[in-house]
Amino acid sequence: MATNNFMNENASNIYVITNDKMELDYIDDTEILAEDLKSFLPALTIYNDYEVYYENRSYPSIRLGEICEEVTINKDIYITVCVNLVLRSGYYEAYNLDYEYNINIDDDTLYDDGIGIDEFLNEYQDAFELTDDEVIDISEETDEVLSRLISKIEETYSKLSETYKQLGTFSNGEGIYERA
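Caption draft 1: Expanded view of a nonpolar patch on the surface. A surface patch of nonpolar side chains, about 290 Å² in accessible area, is lined by Leu-167, Phe-170 and Ile-176. Position of Phe-170 relative to the elements: it lies in the loop between β8 (162–169) and β9 (175–179). Residue Phe-170 is classed as partly exposed on the basis of its relative accessible area of 48%.

What follows is the structure, given as structure tokens:
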């Protein structure tokens, strides 16, 4: 049985890096890529360890760095939106750029696992002394910050990679791609 070449969790396209010299354990190329990303994204905090992690054993990944932005609100609630830039190995060849994000509210972290910020705020609405309108405003502002960060990241990815869309998956698991 075959499989798709790329694991793409969040990005709207598949941003492919086809550097034949680049290997996930070859740190110099990873550092160069991270510096290239930082040239377009000055707010990027580059990670220096470049540890390989295996969220999926077939697609080892490296977190390159993160961009965080605080959400400005008038209450004593501290919300930070962080987007981690990820480089994933393709199953057969090449690599793709993706991202992961999380939202931190007063040191509680919400990942993109189905619970939204509005559900979180509704649960703690009394503790934070929020009105229904404030919950909506905070949720909208947080979504706006996340969308803005993702837009900047994907724009940068498109400058540094070849952009593809997956057209479909065959019954044997293989994926077919076209340039976007």
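Caption draft 2: Spatial organisation of the environment of Ala-43. Turning to its location among the elements, Ala-43 is positioned in the loop between α1 (27–40) and β2 (45–46). On a C-alpha basis, the gap between Ala-43 and Cys-68 in space is 7.9 Å, while along the polypeptide they are 25 residues apart. Look past the residues within four positions of Ala-43 in its chain and what remains in contact with it is Glu-66 and Ile-67.

Caption draft 3: Fine view of unusual backbone geometry. In this structure, Ala-94 is a non-glycine residue whose phi angle is positive, near 65°. Within the secondary structure layout, Ala-94 lies in the loop between β5 (79–89) and β6 (95–105).

Caption draft 4: Representation of the nonpolar core in the model. Leu-64 and Ile-79 are the most contacted members of the largest nonpolar core, which totals 39 residues. Residue assignment for this core shows that the elements contributing at least two residues are β1 (14–17), α1, β4 (61–71), β5, β6, α2 (117–123) and α4 (132–160). No other element matches the 8 residues that α4 contributes to this core. Look past the residues within four positions of Ile-79 in its chain and what remains in contact with it is Glu-69, Glu-70, Val-71, Ile-73, Ile-103, Asn-104, Ile-105, Ile-117, Ile-138 and Thr-142.

Caption draft 5: Quick peek at the pattern of salt bridges. Evaluation of the coordinates by the stated rule reveals 7 salt bridges. Note that Arg-88 is salt-bridged to Glu-100, the shortest N-O span being 3.8 Å. Note that Arg-88 is positioned in strand β5 and Glu-100 in strand β6, a separation of 12 residues in sequence. Of the two residues, Arg-88 and Glu-100, both sit in the buried class. Between Glu-155 and Lys-159 there is a salt bridge; the shortest N-O distance is 3.6 Å. With Glu-155 and Lys-159 both in helix α4 and 4 residues apart, the pair spans about one turn of that helix.

Caption draft 6: Quick peek at the environment of Ser-158. Looking at where Ser-158 falls in the secondary structure, it is placed in helix α4. On a C-alpha basis, the gap between Ser-158 and Asn-13 in space is 9.0 Å, while along the polypeptide they are 145 residues apart. Every residue in contact with Ser-158, bar those within four places of it in the chain, is listed here: Tyr-15 and Thr-163.

Caption draft 7: Looking closely at the packing of aromatic side chains. Applying the stated criterion across every chain, the model contains 4 aromatic pairs. Aromatic side chains Phe-6 and Tyr-177 sit 5.4 Å apart centroid to centroid with 75° between the ring planes, which places their arrangement in the edge-to-face category. Pair noted here: Phe-6 is in the segment before β1 and Tyr-177 is in strand β9, with a separation of 171 residues, a long-range link. Its relative accessible area of 11% is what places Phe-6 among the buried residues. Taken together, the ring pairs connect Tyr-59, Tyr-91 and Tyr-92 into an aromatic cluster.

Caption draft 8: Molecular detail of the state of the cysteines. Considering all chains together, one arrives at 1 disulfide under this definition. One disulfide in the model links Cys-68 with Cys-82; its S-S distance is 2.1 Å. One disulfide, between Cys-68 and Cys-82, carries an S-S torsion of 115° and so falls in the right-handed class. Taken together, the positions of Cys-68 in strand β4 and Cys-82 in strand β5 put the pair 14 residues apart, joining distant regions of the chain. According to the relative accessible area criterion, Cys-68 is partly exposed, its value standing at 34%.

Cut-offs used in this document
- Residues numbered from 1 in each chain as written.
- Predicted model: local features only at pLDDT ≥ 70, side-chain atom pairs only at ≥ 80, totals over all residues.
- Heavy atoms only, no water.
- Patch = residues over 30% accessible without salt bridge, like charges linked within 9 Å, V, L, I, M, F, W, Y side chains within 5 Å.
- Areas by Shrake-Rupley, 256 points an atom, 1.4 Å probe, with all protein chains shown as cover.
- Salt bridge = Lys/Arg side-chain N within 4 Å of Asp/Glu carboxyl O.
- Helix = DSSP H or I, 4+ residues; strand = E, 2+ residues; numbered from the N terminus.
- Buried < 20%, exposed > 50% of the residue type's maximum accessible area, 1.4 Å probe, protein only.
- Contact = heavy atoms within 4.5 Å.
- Core = buried A, V, L, I, M, F, W, Y, C linked by side-chain atoms within 4.5 Å.
- Phe/Tyr/Trp six-rings, centres within 6.5 Å; stacked < 30°, edge-to-face > 60°.
- Disulfide = S-S within 2.5 Å.

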